[in-house]
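Structure assessment
The lines below spell out each chain.
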Amino acid sequence: GNSVTQMEGPVTLSEEAFLTINCTYTATGYPSLFWYVQYPGEGLQLLLKATKADDKGSNKGFEATYRKETTSFHLEKGSVQVSDSAVYFCALSDPGGNNRLAFGKGNQVVVIP
Amino acid sequence: ETGVTQTPRHLVMGMTNKKSLKCEQHLGHNAMYWYKQSAKKPLELMFVYSLEERVENNSVPSRFSPECPNSSHLFLHLHTLQPEDSALYLCASSQNSRGAYNEQFFGPGTRLTVL
(Lines give C-alpha, C1' and ligand atoms only; values in the text may rest on other atoms or scores of the structure.)
Protein backbone atom coordinates (compact mmCIF):
# COMPACT_ATOMS: atom_id res chain seq x y z
CA GLY A 1 0.00 0.00 0.00
CA ASN A 2 0.87 3.66 0.06
CA SER A 3 2.78 5.06 3.01
CA VAL A 4 4.91 8.01 4.04
CA THR A 5 7.78 7.95 6.52
CA GLN A 6 9.13 11.04 8.25
CA MET A 7 12.19 11.22 10.47
CA GLU A 8 11.47 10.66 14.15
CA GLY A 9 11.32 13.35 16.78
CA PRO A 10 10.96 17.12 16.99
CA VAL A 11 13.41 19.48 15.35
CA THR A 12 14.75 22.39 17.37
CA LEU A 13 16.99 24.96 15.76
CA SER A 14 18.04 28.58 16.00
CA GLU A 15 16.72 31.41 13.89
CA GLU A 16 18.45 31.68 10.49
CA ALA A 17 19.59 28.04 10.64
CA PHE A 18 19.13 25.63 7.74
CA LEU A 19 16.19 23.27 8.04
CA THR A 20 15.85 19.82 6.53
CA ILE A 21 13.02 17.41 7.23
CA ASN A 22 13.30 14.01 5.58
CA CYS A 23 10.41 12.27 3.90
CA THR A 24 10.39 8.97 2.02
CA TYR A 25 7.43 7.23 0.51
CA THR A 26 6.14 3.92 -0.75
CA ALA A 27 3.58 3.83 -3.51
CA THR A 28 2.46 1.37 -6.14
CA GLY A 29 2.06 3.98 -8.85
CA TYR A 30 3.08 7.58 -9.46
CA PRO A 31 1.69 9.72 -6.67
CA SER A 32 1.75 13.45 -6.22
CA LEU A 33 3.66 14.58 -3.15
CA PHE A 34 2.87 17.31 -0.67
CA TRP A 35 4.06 19.12 2.39
CA TYR A 36 1.41 20.44 4.74
CA VAL A 37 2.04 22.76 7.69
CA GLN A 38 0.00 23.03 10.87
CA TYR A 39 0.51 26.16 12.95
CA PRO A 40 -0.53 26.06 16.63
CA GLY A 41 -4.29 25.95 17.04
CA GLU A 42 -4.97 25.72 13.32
CA GLY A 43 -5.76 23.12 10.71
CA LEU A 44 -3.39 21.88 8.05
CA GLN A 45 -2.41 24.15 5.17
CA LEU A 46 -0.85 23.07 1.92
CA LEU A 47 2.72 24.40 1.86
CA LEU A 48 3.94 23.02 -1.46
CA LYS A 49 3.48 20.15 -3.86
CA ALA A 50 5.09 18.28 -6.76
CA THR A 51 3.18 16.15 -9.19
CA LYS A 52 5.89 14.28 -11.10
CA ALA A 53 9.48 13.14 -10.83
CA ASP A 54 12.12 15.89 -10.65
CA ASP A 55 9.50 18.57 -10.02
CA LYS A 56 10.45 21.08 -7.34
CA GLY A 57 7.74 22.56 -5.18
CA SER A 58 8.46 25.85 -3.45
CA ASN A 59 6.65 28.34 -1.25
CA LYS A 60 7.57 30.83 1.50
CA GLY A 61 11.27 29.95 1.14
CA PHE A 62 10.63 26.21 1.52
CA GLU A 63 11.56 23.77 -1.23
CA ALA A 64 11.21 20.06 -1.88
CA THR A 65 12.18 18.01 -4.94
CA TYR A 66 10.35 14.88 -6.04
CA ARG A 67 13.09 12.21 -6.26
CA LYS A 68 11.71 9.07 -7.81
CA GLU A 69 15.02 7.20 -7.70
CA THR A 70 15.26 7.57 -3.91
CA THR A 71 11.48 7.80 -3.32
CA SER A 72 12.04 10.95 -1.32
CA PHE A 73 10.60 14.44 -0.95
CA HIS A 74 12.75 16.18 1.64
CA LEU A 75 11.73 19.63 2.82
CA GLU A 76 14.37 22.36 3.08
CA LYS A 77 14.59 26.00 4.03
CA GLY A 78 17.78 27.97 4.00
CA SER A 79 17.09 30.39 6.86
CA VAL A 80 14.25 29.70 9.26
CA GLN A 81 12.35 32.25 11.30
CA VAL A 82 10.54 31.94 14.61
CA SER A 83 7.28 32.14 12.67
CA ASP A 84 8.17 28.85 10.95
CA SER A 85 7.59 27.00 14.23
CA ALA A 86 4.86 24.48 13.40
CA VAL A 87 4.23 20.83 12.64
CA TYR A 88 5.13 19.72 9.12
CA PHE A 89 3.47 16.76 7.42
CA CYS A 90 4.59 14.97 4.30
CA ALA A 91 1.81 13.36 2.29
CA LEU A 92 1.12 11.59 -0.97
CA SER A 93 -1.99 11.27 -3.02
CA ASP A 94 -3.31 7.91 -4.06
CA PRO A 95 -2.10 7.30 -7.59
CA GLY A 96 -5.44 5.68 -8.36
CA GLY A 97 -6.90 9.16 -8.57
CA ASN A 98 -9.43 8.97 -5.78
CA ASN A 99 -8.13 12.07 -4.03
CA ARG A 100 -7.04 10.24 -0.89
CA LEU A 101 -4.03 11.43 1.07
CA ALA A 102 -1.61 9.29 3.07
CA PHE A 103 0.20 11.33 5.70
CA GLY A 104 3.42 10.89 7.61
CA LYS A 105 3.42 11.31 11.38
CA GLY A 106 4.59 14.90 11.19
CA ASN A 107 7.58 16.73 12.64
CA GLN A 108 7.35 19.44 15.25
CA VAL A 109 9.73 22.26 14.34
CA VAL A 110 10.68 24.75 17.04
CA VAL A 111 12.73 27.78 16.03
CA ILE A 112 14.45 29.59 18.88
CA PRO A 113 15.24 33.31 18.59
CA GLU B 1 -16.81 33.27 7.33
CA THR B 2 -14.34 31.92 4.84
CA GLY B 3 -12.73 28.54 4.23
CA VAL B 4 -13.62 25.63 6.49
CA THR B 5 -14.99 26.23 9.98
CA GLN B 6 -15.50 23.75 12.79
CA THR B 7 -17.44 23.96 16.03
CA PRO B 8 -16.91 23.52 18.85
CA ARG B 9 -13.16 24.05 19.01
CA HIS B 10 -12.92 22.13 22.27
CA LEU B 11 -15.20 19.45 23.70
CA VAL B 12 -15.02 17.43 26.89
CA MET B 13 -17.50 14.60 27.26
CA GLY B 14 -18.14 11.56 29.39
CA MET B 15 -18.34 8.08 27.95
CA THR B 16 -22.14 8.03 28.20
CA ASN B 17 -22.74 11.41 26.57
CA LYS B 18 -23.98 12.13 23.07
CA LYS B 19 -22.49 15.09 21.25
CA SER B 20 -21.99 16.30 17.69
CA LEU B 21 -19.17 18.01 15.86
CA LYS B 22 -20.04 20.42 13.09
CA CYS B 23 -18.09 21.41 9.99
CA GLU B 24 -19.04 24.00 7.40
CA GLN B 25 -17.23 24.87 4.20
CA HIS B 26 -17.71 28.15 2.35
CA LEU B 27 -15.71 27.18 -0.74
CA GLY B 28 -18.38 25.67 -2.96
CA HIS B 29 -16.72 22.26 -2.80
CA ASN B 30 -18.43 18.95 -3.46
CA ALA B 31 -16.39 16.65 -1.22
CA MET B 32 -15.92 16.67 2.54
CA TYR B 33 -13.76 14.56 4.85
CA TRP B 34 -13.38 13.69 8.53
CA TYR B 35 -9.90 12.93 9.85
CA LYS B 36 -8.69 11.89 13.29
CA GLN B 37 -5.36 13.28 14.52
CA SER B 38 -3.88 11.48 17.51
CA ALA B 39 -0.54 12.19 19.13
CA LYS B 40 2.39 10.37 17.53
CA LYS B 41 0.20 8.80 14.81
CA PRO B 42 -0.41 9.77 11.19
CA LEU B 43 -3.66 11.45 10.32
CA GLU B 44 -6.37 8.84 9.87
CA LEU B 45 -9.04 9.34 7.24
CA MET B 46 -12.39 8.39 8.75
CA PHE B 47 -15.11 9.28 6.25
CA VAL B 48 -15.45 10.80 2.80
CA TYR B 49 -18.59 12.38 1.41
CA SER B 50 -19.10 13.36 -2.20
CA LEU B 51 -22.19 15.35 -3.14
CA GLU B 52 -23.74 14.40 0.19
CA GLU B 53 -23.23 10.69 -0.38
CA ARG B 54 -20.84 8.73 1.83
CA VAL B 55 -18.24 7.21 -0.46
CA GLU B 56 -15.78 5.90 2.09
CA ASN B 57 -15.85 4.59 5.63
CA ASN B 58 -12.45 3.42 6.84
CA SER B 59 -13.50 0.80 9.39
CA VAL B 60 -14.58 3.43 11.85
CA PRO B 61 -16.46 2.15 14.94
CA SER B 62 -20.20 2.70 14.89
CA ARG B 63 -19.97 5.01 17.90
CA PHE B 64 -18.95 7.61 15.27
CA SER B 65 -21.84 8.47 12.95
CA PRO B 66 -21.35 11.02 10.16
CA GLU B 67 -24.07 13.05 8.51
CA CYS B 68 -23.90 15.28 5.46
CA PRO B 69 -27.23 17.09 4.96
CA ASN B 70 -25.90 19.23 2.10
CA SER B 71 -22.61 19.86 0.36
CA SER B 72 -21.67 22.67 2.74
CA HIS B 73 -22.22 20.94 6.07
CA LEU B 74 -20.81 17.84 7.67
CA PHE B 75 -21.51 16.49 11.14
CA LEU B 76 -19.91 13.81 13.26
CA HIS B 77 -22.29 12.42 15.87
CA LEU B 78 -20.62 10.86 18.87
CA HIS B 79 -22.05 8.43 21.40
CA THR B 80 -20.64 6.10 24.04
CA LEU B 81 -17.07 7.05 23.20
CA GLN B 82 -13.97 5.62 24.83
CA PRO B 83 -11.02 7.52 26.31
CA GLU B 84 -8.85 6.39 23.38
CA ASP B 85 -11.15 8.39 21.10
CA SER B 86 -9.67 11.58 22.56
CA ALA B 87 -7.99 13.36 19.65
CA LEU B 88 -8.16 16.33 17.32
CA TYR B 89 -10.88 15.82 14.73
CA LEU B 90 -10.24 17.63 11.49
CA CYS B 91 -12.68 18.36 8.73
CA ALA B 92 -11.55 19.06 5.17
CA SER B 93 -13.13 19.78 1.82
CA SER B 94 -12.07 19.61 -1.81
CA GLN B 95 -13.63 20.40 -5.15
CA ASN B 96 -14.21 16.73 -5.94
CA SER B 97 -13.37 13.40 -4.37
CA ARG B 98 -12.22 11.57 -7.48
CA GLY B 99 -10.12 12.18 -10.53
CA ALA B 100 -6.91 14.15 -10.51
CA TYR B 101 -5.91 15.32 -7.07
CA ASN B 102 -7.79 18.34 -5.75
CA GLU B 103 -6.27 20.27 -2.89
CA GLN B 104 -7.92 19.59 0.43
CA PHE B 105 -8.65 22.57 2.65
CA PHE B 106 -8.71 21.88 6.38
CA GLY B 107 -10.62 23.39 9.25
CA PRO B 108 -8.95 24.20 12.59
CA GLY B 109 -10.24 21.04 14.23
CA THR B 110 -12.19 20.11 17.35
CA ARG B 111 -10.08 19.00 20.30
CA LEU B 112 -12.10 16.17 21.91
CA THR B 113 -11.41 14.80 25.36
CA VAL B 114 -13.33 11.74 26.56
CA LEU B 115 -13.31 11.23 30.30
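As a reminder, the structure under discussion sits directly above these lines.
Below: a short report on this structure. (Residues numbered from 1 in each chain as written. Chains lettered and ligands numbered in written order. Predicted model: local features only at pLDDT ≥ 70, side-chain atom pairs only at ≥ 80, totals over all residues. Heavy atoms only, no water.)

A few words now on the nonpolar core. Ranked by size, the top nonpolar core spans 27 residues in total, and within it Trp-35, Phe-73, Leu-75 and Tyr-88 of chain A carry the most contacts. Counting residues per element, the ones that place at least two in this core are β2 (11-14), β3 (19-21), β4 (23-26), β5 (33-38), β6 (44-50), β8 (62-65), β10 (86-93) and β12 (107-112) of chain A. Considering each element in turn, this core owes the most residues, 4 residues, to β10 of chain A. Core analysis: the next-biggest nonpolar cluster, separate from the first, contains 22 residues, Met-13, Cys-23, Cys-68 and Leu-78 of chain B among them. (Core = buried A, V, L, I, M, F, W, Y, C linked by side-chain atoms within 4.5 Å. Buried < 20%, exposed > 50% of the residue type's maximum accessible area, 1.4 Å probe, protein only. Helix = DSSP H or I, 4+ residues; strand = E, 2+ residues; numbered from the N terminus.)

This part takes up the state of the cysteines. Scanning the entire structure with this criterion turns up 2 disulfides over all chains. Residue pairing for Cys-23 of chain A: its cysteine sulfur links by disulfide to Cys-90 of chain A, the two sulfurs lying 2.0 Å apart. Every disulfide takes its handedness from the sign of the S-S torsion; for Cys-23 of chain A and Cys-90 of chain A that torsion is -70 degrees, giving left-handed. In this pair, Cys-23 of chain A is assigned in strand β4 and Cys-90 of chain A in strand β10, connecting sequence segments 67 residues apart. Just as Cys-23 of chain A is buried, Cys-90 of chain A falls in that class too. A sulfur-sulfur separation of 1.9 Å characterises the disulfide bridge that pairs Cys-23 of chain B with Cys-91 of chain B. Of note, the bridge from Cys-23 of chain B to Cys-91 of chain B carries an S-S torsion of about -75 degrees and is left-handed in sense. Of this pair, Cys-23 of chain B sits in strand β3 (residues 18-25) while Cys-91 of chain B sits in strand β9 (residues 87-94), and the two are 68 residues apart along the sequence. Note on accessibility: Cys-23 of chain B and Cys-91 of chain B belong to one class, buried. Here Cys-68 of chain B stays unpaired: no disulfide links it, and the sulfur of Cys-91 of chain B, its closest cysteine neighbor, is 9.0 Å away. (Disulfide = S-S within 2.5 Å.)

Residue and element names in this part refer to chain A. Taken together, 4 strands build an open sheet; the order of strands is β3-β9-β8-β7 and the sheet is antiparallel. Strands with a single pairing partner mark the edges of an open sheet, and in this sheet they are β3 and β7 (56-59). Here the average twist between neighbouring strands, direction ignored, is 15 degrees. With 3 bridges joining them, β8 and strand β9 (residues 75-77) adopt antiparallel strand pairing. The residue bridging Glu-63 from the neighbouring strand is Glu-76, located in β9. (Pairing = 2+ DSSP bridges. Axes fitted to C-alpha atoms, helices over the stretch in contact; angles between N-to-C directions.)

In this structure the tally under the stated criterion is 11 aromatic pairs over all chains. Taking the centre distance of 5.7 Å and the plane angle of 80 degrees together, the rings of Tyr-36 of chain A and Phe-106 of chain B count as edge-to-face. Taken as a pair, Tyr-36 of chain A in strand β5 and Phe-106 of chain B in strand β10 (residues 105-106) lie in two separate chains rather than in one. Of the two residues examined, Tyr-36 of chain A and Phe-106 of chain B, each falls in the buried class. (Phe/Tyr/Trp six-rings, centres within 6.5 Å; stacked < 30°, edge-to-face > 60°.)

Right, let's talk about the pattern of salt bridges for a bit. All names here are of chain A. This structure, assessed with the given rule, holds 5 salt bridges over all chains. Between Lys-56 and Glu-63 there is a salt bridge, with the nearest N and O atoms lying 3.6 Å from each other. For Glu-63, a relative accessible area of 33% corresponds to the partly exposed category. Where Lys-77 meets Asp-84, a salt bridge forms, and the shortest distance between an N and an O atom there is 2.8 Å. In this pair, the class of Lys-77 matches that of Asp-84, namely buried. (Salt bridge = Lys/Arg side-chain N within 4 Å of Asp/Glu carboxyl O.)

With that settled, the discussion passes to the layout of surface pockets. Estimates place the volume of the largest pocket at around 730 Å³. Taken together, 30 residues make up the lining of the largest pocket; nearest its centre are Val-87 and Gln-108 of chain A together with Gln-37, Ala-39 and Lys-40 of chain B. For the lining of the largest pocket, the leading source of residues is β10 of chain A, giving 3 residues. (1 Å grid on protein atoms, 1.4 Å probe; cavity = no way out; pocket = protein on both sides within 12 Å on 5 of 7 lines; lining within 4 Å. Points joined across faces, edges and corners; volume = space filled by probe spheres on them.)

Taken together, the contact between chain B and chain A spans 27 residues of the former and 18 residues of the latter. In total, chain B and chain A occlude about 1700 Å² of area from one another, counting both sides; carbon and sulfur atoms represent 51% of this. Looking only at chain B, the three residues that lose the most surface to chain A are Leu-43, Tyr-101 and Phe-106 of chain B, adding up to 32% of its buried area. For the interface between chain B and chain A, the tally reads 0 salt bridges. For the interface between chain B and chain A, the tally reads 2 residue pairs in polar contact (both at pLDDT 80 or more). (Contact = heavy atoms within 4.5 Å. Buried area = accessible area lost by both parts, 1.4 Å probe. Polar contact = N/O pair within 3.5 Å; in protein donor to acceptor, adjacent residues only side chain to side chain.)

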